[in-house]
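Topology and contacts: notes
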Amino acid sequence: MKKGLITNSHPYVGMWVTADGYIRHELLQNGRYDEARGNNRSAYQGSYIVKDNHIEYVDDTGFTANGDFINGVLYHAGMVLYLEEGRRNNVCT
């Protein structure tokens, strides 16, 4: 993936969280993500691309990962994440 301004026009932009809230992936409109783990607010950051229902991540160190959106749920690296209400399109309520 190339770094730079990317506009993502998919329905998955927003904050995705595990059921216990420990892991949080914020998918930003500009093609970047910020992953928090517990109290570590920005444990991992990088870019992502969504094609259909598949997501490819590349963190800023070059590590890659992927996942799939199935029936409104993100399955990623053995984790199950749900879109947090009120956090779609980077708008907190």
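Attention here is on the structure that accompanies the text. Everything numeric here is computed off the predicted structure, so don't read it as measured data.

Hydrogen bonds between backbone groups are what pair the strands of a sheet, and the pairing can be parallel or antiparallel. The eight strands lie next to each other as β1-β2-β3-β4-β5-β6-β7-β8, forming a closed barrel whose pairing is antiparallel. Mean inter-strand twist for the sheet, computed between neighbouring axes without regard to direction, equals 30 degrees. In terms of strand pairing, strand β2 (residues 23-27) meets strand β3 (residues 32-37) through five bridges, oriented antiparallel. Residue pairing across strands places R24 opposite A36, the latter belonging to β3.

The next point concerns the environment of M79. Along the chain, M79 turns up in strand β8 (residues 79-83). Along the primary structure M79 and V17 are separated by 62 residues, whereas in three dimensions their C-alpha atoms are 9.5 Å apart. Excluding residues that lie within four positions of it along the chain, M79 makes contacts with I23, R37 and L74.

So, about the pairing of β8. Every other side chain in a regular strand lies on the same face of the sheet, so the side chains alternate between the two faces. Here β8 shows a buried face lined by M79, L81 and L83 and an unburied face lined by V80 and Y82. The pairing of strand β1 (residues 14-18) with β8 spans three bridges and is antiparallel. Across the sheet, the residue bridging to W16 is L83, located in β8. Hairpin connection between strand β7 (residues 73-76) and β8: a loop of two residues separates the two successive antiparallel strands, and A77 in this loop has a positive phi of roughly 50 degrees.

Turning our eyes to something else, we now look at a nonpolar patch on the surface. Taken together, the side chains of I70, Y75, V80 and Y82 define a hydrophobic patch exposed on the protein surface, amounting to about 340 Å² of accessible area. Relative to the helices and strands, Y75 is located in strand β7.

Its volume calculated, the largest pocket comes out at about 170 Å³. As for the largest pocket, its lining consists of 13 residues, of which E35, R37, F63, A65 and H76 are closest to the centre. Along the lines of polarity and charge, the residues of the lining of the largest pocket split into seven nonpolar, three polar and three charged.

What counts and what doesn't
Residues numbered from 1 in each chain as written. Predicted model: local features only at pLDDT ≥ 70, side-chain atom pairs only at ≥ 80, totals over all residues. Heavy atoms only, no water. Pairing = 2+ DSSP bridges. Helix = DSSP H or I, 4+ residues; strand = E, 2+ residues; numbered from the N terminus. Axes fitted to C-alpha atoms, helices over the stretch in contact; angles between N-to-C directions. Contact = heavy atoms within 4.5 Å. Buried < 20%, exposed > 50% of the residue type's maximum accessible area, 1.4 Å probe, protein only. Patch = residues over 30% accessible without salt bridge, like charges linked within 9 Å, V, L, I, M, F, W, Y side chains within 5 Å. Areas by Shrake-Rupley, 256 points an atom, 1.4 Å probe, with all protein chains shown as cover. Salt bridge = Lys/Arg side-chain N within 4 Å of Asp/Glu carboxyl O. 1 Å grid on protein atoms, 1.4 Å probe; cavity = no way out; pocket = protein on both sides within 12 Å on 5 of 7 lines; lining within 4 Å. Points joined across faces, edges and corners; volume = space filled by probe spheres on them. Nonpolar A, V, L, I, M, F, W, Y, C, P; charged D, E, K, R; others polar.

It is worth stressing that arrangement in space is one thing and function is another; only the former is reported here.
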